[in-house]
Amino acid sequence: MNDTSLNTLVIIETNHPLYEQIAAHHETRSVEDALASFKTYDLVFDLSALRTKKKITLLKELAKTTKAEIITDLTLAWGEMVFKSCPQVTGALSLLFYSPTAAIEYSTKSEKTKQQILEFLKSIERHGVEHTDLKLGFHYPRVISMIVNEAYFALEENLATPEAIDLAMKNGVNYPLGPIEWGQKIGTKNIVDLLTEYSEITEDPRYRLSRELKMTGKNI
Amino acid sequence: MEIKNVVVIGTGTMGQGIAQWFLQQKVAVEMVDSNYEFALKSHAKIFENLDGLLAKGKLQSADVANFKQNIHVKHLEKINPEADLVIEAIIEDKEVKKELFKKLDEILSARSIIASNTSSFPITELAKDLSDKRKNKFLGLHFFNPATIMKLVEVINGLETDKEMSHKLYMWFNARGKVACECNDAPGFIVNRVARNFYGESLRAVETYDLEKIKEVDQVIREVGGFKMGPFELMDLIGIDVNLSVTESVYRAFFDEPRFKPHRLQKEMVDAKRFGRKSKKGFYIYE
């Protein structure tokens with residue numbers, strides 16, 4: 001368990017990439033079950049993979065069922081907006097995207113929450129890297145999503161094969177993974193969701209999705 | 001395909017590395033530079049590098065002696081007209097390059113292949129003024145710095161490039177320890193295009209100059225992303241001016257595609273002459 005003195009719940013769906021590892025160490029519930037439960041907790045980790053609007057709706061509903069502090073995964077959501085809209089949220093982290101390392105980005109303004117996040121990460125054999133003053137979103141997901149999207153634009157234009165693109169990035173600029181294989185490990189749907197969210201928030205056309213990525217990552 | 005003799009034109013960092021790599025493949029090399037004295041210095045530097053590899057036990061003395069006999073500095077007019085392959089690695093100036101290719105087209109026999117090591121100019125455009133019989137023997141061969149160590153060579157087909165010929169070159173490089181990747185002719189090719197937002201999105205995460213935020217982004221990208229260097233550390237190493245210039249070139253070549261739009265922080269750094277490590281001041285201070 002996390003801190004044995006705290007009664008902690010992790011809200012997570014069974015299809016989350018870290019579900020099994022987290023469920024082995026923590027009490028877990030799906031979003032639906034968590035909202036239906038009257039059990040009280042001291043601390044809630046919400047690892048639902050939701051974009052801003054649905055995330056805020058969930059967190060507000062959750063606040064009706066518990067007085068616990070909430071630490072939430074904001075990989076796909078607008079960080080500063082969630083913090084502003086949901087006072088019970090004391091910290092955020094980004095666990096949704098596959099990373100080739102064991103480090104996880106997190107953000108909080110409270111030392112107590114920082115320790116809670118670091119303990120939670122330790123329990124699942126991860127460690128934290130702090131992101132201060134979270135604005136639009138976490139650094140790693142936004143940078144890697146843009147790289148993967150561009151690789152899919154290159155595929156769409158028949159610039160090179162997926163294998164050639166991956167080999168070029170690994171051998172030309174020492175990327176730990178090629179962008180196509182990286183996107184597949186993250187899940188292209190997650191990248192589509194993140195860039196769609198950024199496009200809607202910022203209205204900046206730089207976040208336009210590659211058609212090829214959209215086809216791979218979205219069930220239309 | 002047999003590549004027995006190569007001419008490398010332009011003997012700066014890239015040209016020197018390319019020349020040394022071919023030499024170590026037992027290919028005869030001729031080095032050419034518009035500044036002959038500079039070519040001689042580059043030639044001497046290759047000798048020094050070979051001696052260094054010998055001292056470290058990475059090369060045999062007989063091989064080093066053979067390599068040294070196999071490389072010569074030449075004036076452009078005196079190069080071997082029967083060269084199998086001529087690689088241009090001069091400054092990134094489109095007009096200067098095109099002028100050089102016209103001269104090479106006249107000097108070289110019909111069988112010689114001409115390649116450009118350009119990092120950003122379209123191959124089809126560079127081939128524009130070549131004779132019709134040469135156009136299909138022209139392609140891009142984009143090496144990465146340092147060319148003796150970095151394995152990648154982008155083999156770039158212009159619209160008129162003979163694909164069978166470029167595929168044979170691709171096989172030739174792969175058989176000699178390089179990782180060759182074939183690609184079509186689009187701005188930035190593979191690497192300089194796909195990597196643009198490693199920098200561009202990181203600049204937008206920071207927005208204005210803030211050293212603490214810059215350190216944070218670098219740390220996250222290294223520790224969470226598993227990259228060897230963070231984007232700001234890498235821009236400082238490459239040169240912020242060089243990085244901005246490549247970004248501007250790709251942005252223009254894609255007719256102002258927003259994904260490649262340069263960021264004002266890059267321009268601000270260049271205006272302040274904070275080019276990175278080479279000026280001892282970039283996103284970080286180097287004293």
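Residues numbered from 1 in each chain as written. Chains lettered and ligands numbered in written order. Predicted model: local features only at pLDDT ≥ 70, side-chain atom pairs only at ≥ 80, totals over all residues. Heavy atoms only, no water.

K.L.:
Would you take a moment to explain the interface of chain B and chain A for this structure?
P.N.:
How big an interface is tends to be stated in terms of the accessible area lost upon association of its parts. In this complex, chain B contributes 40 residues to the contact, which on the side of chain A involves 45 residues. Both sides together, the interface formed by chain B and chain A hides about 3700 Å², and carbon and sulfur atoms give 63% of it. The tally of links from chain B across to chain A stands at six salt bridges. A salt bridge links Glu-257 of chain B to Arg-208 of chain A; its shortest N-O distance comes to 3.2 Å. In this assembly, chain B and chain A are joined by 17 residue pairs in polar contact (both at pLDDT 80 or more). Counting only elements with at least two residues in the side of chain B that touches chain A, the list comes to strand 8 (179–184), helix 8 (191–194), helix 9 (196–206) and helix 10 (211–223) of chain B. Among the residues forming the side of chain B that touches chain A, the class breakdown is 22 nonpolar, seven polar and 11 charged. (Contact = heavy atoms within 4.5 Å. Buried area = accessible area lost by both parts, 1.4 Å probe. Salt bridge = Lys/Arg side-chain N within 4 Å of Asp/Glu carboxyl O. Polar contact = N/O pair within 3.5 Å; in protein donor to acceptor, adjacent residues only side chain to side chain. Helix = DSSP H or I, 4+ residues; strand = E, 2+ residues; numbered from the N terminus. Nonpolar A, V, L, I, M, F, W, Y, C, P; charged D, E, K, R; others polar.)

K.L.:
Help me understand the confidence of the model for chain B in this model?
P.N.:
Low pLDDT marks stretches whose predicted atomic positions should not be read closely. Looking at chain B, the pLDDT average stands at 96 and 100% of residues meet or exceed 70. The ipTM, which scores confidence in the relative placement of chains, is 0.95 for this predicted complex, and the corresponding pTM is 0.93. (pLDDT = per-residue confidence, 0-100.)

K.L.:
Would you explain helix 10 of chain B in this entry?
P.N.:
Think of an α-helix as turning once every 3.6 residues; residues three or four places apart then point the same way. Counted at 1.5 Å a residue, the expected span for helix 10 of chain B with its 13 residues is 18 Å, and the 18 Å between its end C-alpha atoms agrees. Looking at helix 10 of chain B, one finds that the buried residues are Lys-213, Ile-214, Glu-216, Val-217, Asp-218, Val-220 and Ile-221 of chain B. Contacts from the buried residues of helix 10 of chain B go to strand 6 (103–108), strand 7 (127–130) and helix 6 (139–156) of chain A together with helix 9 and helix 11 (231–238) of chain B. Sitting at the head of helix 10 of chain B, Asp-210 of chain B places a side-chain oxygen 3.2 Å from the backbone nitrogen of Glu-212 of chain B. (Expected span 1.5 Å × (residues − 1). Buried < 20%, exposed > 50% of the residue type's maximum accessible area, 1.4 Å probe, protein only.)

K.L.:
Looking at this structure, how should I read the domain arrangement of chain B?
P.N.:
Partitioning chain B into domains gives domain 1 (5–184) and domain 2 (195–279). Summarising the inter-unit geometry, the C-alpha centres of domain 1 of chain B and domain 2 of chain B are found 29 Å apart. (Domains from an automatic or database assignment.)

K.L.:
Looking at this structure, how should I read the sheet that holds strand 4 (residues 69–73) of chain A?
P.N.:
Within a sheet, neighbouring strands are paired by backbone hydrogen bonds and run either parallel or antiparallel to one another. With respect to topology, seven strands assemble into an open sheet ordered 2-1-3-4-5-6-7 (chain A), the strand pairing being mixed. Lying at the two open borders of the sheet, with one neighbouring strand each, are strand 2 (27–29) and strand 7 of chain A. Adjacent strand axes in the sheet meet at a mean angle of 25°, parallel and antiparallel pairs treated alike. As defined by bridge partners, strand 1 (residues 8–11) of chain A adjoins strand 2 of chain A across three bridges and the pair is classed as parallel. For Val-10 of chain A, the partnering residue across the bridge sits in strand 2 of chain A and is Thr-28 of chain A. Packing of helix 10 of chain B onto the sheet brings it into contact with strand 6 and strand 7 of chain A, and relative to strand 7 of chain A it is tilted by some 155°. (Pairing = 2+ DSSP bridges. Axes fitted to C-alpha atoms, helices over the stretch in contact; angles between N-to-C directions.)

K.L.:
I tried to follow the sheet that holds strand 7 (residues 152–157) of chain B on my own but got confused; where do I start?
P.N.:
Residue and element names in this part refer to chain B. Judged by pairing direction, the sheet is mixed, and its eight strands sit side by side in the order 3-2-1-4-5-6-7-8 without closing on themselves. The two strands at the open ends of the sheet, each matched to only one other strand, are strand 3 (71–74) and strand 8. Geometrically, the sheet is characterised by an average inter-axis angle of 25° between neighbouring strands, direction not taken into account. Pairing analysis gives four bridges linking strand 1 (residues 5–9) to strand 4 (residues 85–88), with the strands arranged parallel. Within strand 4, the position partnered with Ile-9 by the bridge is Glu-88. Contacting strand 2 (28–32) and strand 3, helix 2 (residues 36–55) runs over the sheet at an angle of about 170° to strand 3. In the packing of helix 7 (residues 163–174) onto the sheet, contacts are made with strand 4, strand 5 (113–116), strand 6 (138–143), strand 7 and strand 8, and the angle to strand 8 comes to roughly 160°.

K.L.:
How do you make sense of helix 13 (residues 264–271) of chain B when you look at a structure like this?
P.N.:
Residues and elements named next belong to chain B. Turning to helix 13, its buried residues are Leu-265, Gln-266, Met-269 and Val-270. Down the axis of helix 13, the sector holding all buried residues measures 140°, keeping them to one side. Set apart from the buried face of helix 13 by more than 90 degrees, the exposed residues are Arg-264 and Asp-271. Turning to helix 13, the residues buried within the fold contact helix 9 and helix 12 (240–253). With its phi angle positive at about 60°, Lys-273 sits one or two positions after the end of helix 13. (Arc of directions from axis to C-beta.)

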